[in-house]
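Residue strings, one per chain:
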Amino acid sequence: MVKHTKTSSRNHGHNMSEITEDGFLAGAVRLRQFAKGYRAGADAILLASALEAEPGETLMEAGCGAGAALLAAAHLLPGVSFVGVERDAAAAGLARENVALNGQTERVAIVEGDALAAGSSFDGVFVNPPYDEADGAQAPHPARRASYLTEASIDHWVKALANRLKGGGTLTLIQRAQHLPAILAAFERRLGSVEVLPVRPQADQPAKRVLVRARKGGRAPLRLLKGIDLHDASGAKFTPQAEAIFRGEARVIWT
C-alpha cells in the first residue's frame, strides 16, 4: 500500500529529523512524514475514502498531522475544498510541504492551531482522534507525542467538532471499536442519523476499528452496516475490496 524513501530534512527550525516520503493511493498522493512517532497508514485512507461531499463544499480535518487523510480526500473529491487544522508546529509545517508537493495549494489550506477551539463552520468535519493514555497504545516518539496522544475525552472531541458543523453537516471519524459506546453517547442530543461501519481484520474476527458518521440535525435511526474485511485466506496482502480502496479505485460505501 505504501512505498518508502528516506531523506533527512531540517524542518522549520527544528533539529535534523529523518523524513520518509511515502506513496498512497497507488502513488497518486505523496506524503513526507517523520520516520519516528505517529505515521499515517490504513486508517487515514479508510477515513478519506469514507467521506462524501459535493463540489463547492468545504471540509475540515481536525488534527491533520502531515496531511495523509486530507490529501487523499482532496484527490478523491475533486472540486471540494479542505482545511486541515494541526496544533503541532512541525507536523503543520510538513502538511504545508505536502500540500505543495501534491499541487493542492488552491484547494487545501493548513491552519496551525487547536481544532477543538471555536472557529468557522464547515459542510463536514472528519477526524482520526488521537488515542488517550488509557488505550495501551505503543508509546510514541517524544517529538510526536502531541499528535498521537490526547488528554481530551471523546465526548469533548465530539462536542467541539459538532459546533464546527453547519446545519446538515456530517462528522466522520475512524476509531478503535472499543470506543464505540463513548462515541455514540457523545452524539446524544448533538448529532443524529448515525451510521456505524465495522472494519474487521478478517471476516471471522471482531472489528478492531469502526468508521462512524453522524449528521447535525439528523433524525434517522442508527444504522449498523455490513462493514469491511481487510484480509482473507487467499494469501494476498488485502481483500479485493480493501485493495481497491487503498489503491483509490473504489470508495468506502455506507451500505
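Quick note: structure is the one above.
Here is what the cut-offs are and how they apply
- Residues numbered from 1 in each chain as written.
- Predicted model: local features only at pLDDT ≥ 70, side-chain atom pairs only at ≥ 80, totals over all residues.
- Heavy atoms only, no water.
- Helix = DSSP H or I, 4+ residues; strand = E, 2+ residues; numbered from the N terminus.
- Buried < 20%, exposed > 50% of the residue type's maximum accessible area, 1.4 Å probe, protein only.
- Contact = heavy atoms within 4.5 Å.
- Areas by Shrake-Rupley, 256 points an atom, 1.4 Å probe, with all protein chains shown as cover.
- Axes fitted to C-alpha atoms, helices over the stretch in contact; angles between N-to-C directions.
- Left-handed = near helix turned anticlockwise from the far one by under 90°.
- Nonpolar A, V, L, I, M, F, W, Y, C, P; charged D, E, K, R; others polar.
- 1 Å grid on protein atoms, 1.4 Å probe; cavity = no way out; pocket = protein on both sides within 12 Å on 5 of 7 lines; lining within 4 Å.
- Points joined across faces, edges and corners; volume = space filled by probe spheres on them.

Undergrad: Residue-level account of the overall build of the chain, with values.
TA: Looking only at helices and strands, the chain features seven helices and 14 strands. Relative to its full complement of 255 residues, the chain shows a buried share of 51%. Long-range contacts, defined here as pairs at least 24 residues apart, represent 66% of the contacts in the chain between residues at least 6 apart. Summing over all exposed atoms, the chain offers an accessible surface of approximately 11900 Å²; the carbon and sulfur share of this is 50%.

Undergrad: I'd like to hear about the environment of Val108, residue by residue, with values.
TA: Relative to the assigned elements, Val108 resides in strand 6 (residues 108-112). Among the residues examined, Val108 registers a relative accessible area of 5% and is labelled buried. Here the alpha-carbon distance between Val108 and Ala74, two residues 34 residues apart in the chain, equals 7.5 Å. Every residue in contact with Val108, bar those within four places of it in the chain, is listed here: Leu70, Ala74, Phe82 and Val99.

Undergrad: Please provide a residue-by-residue account of the packing of helix 1 (residues 42-49) against helix 2 (residues 68-76), values included.
TA: Each pair of packed helices gets described by two things: the angle between the helix axes and the distance between those axes. For the pair helix 1 and helix 2, the least separation of the axes is 8 Å and the interaxial angle reads 35°. Two packed elements cross with a definite hand, and for helix 1 against helix 2 that hand is right-handed. Of helix 2, the residues touching helix 1 (which contributes Ala44, Ile45, Leu47, Ala48 and Ser49) are Ala68, Ala69, Ala72, Ala73 and Leu76. Across the contact of helix 1 with helix 2, the residue classes break down as nine nonpolar, one polar and no charged.

Undergrad: Can you break down empty space enclosed by the protein residue by residue, with the values?
TA: Evaluation of the coordinates by the stated rule reveals one cavity of 30 Å³ or more. The volume enclosed by the largest cavity comes to roughly 50 Å³. For the lining of the largest cavity, the secondary structure elements donating two or more residues are helix 5 (154-162) and strand 10 (165-176). A total of four residues in the lining of the largest cavity trace back to one element, the largest contributor, which is helix 5. When grouped by side-chain class, the residues that make up the lining of the largest cavity number nine nonpolar, one polar and no charged.

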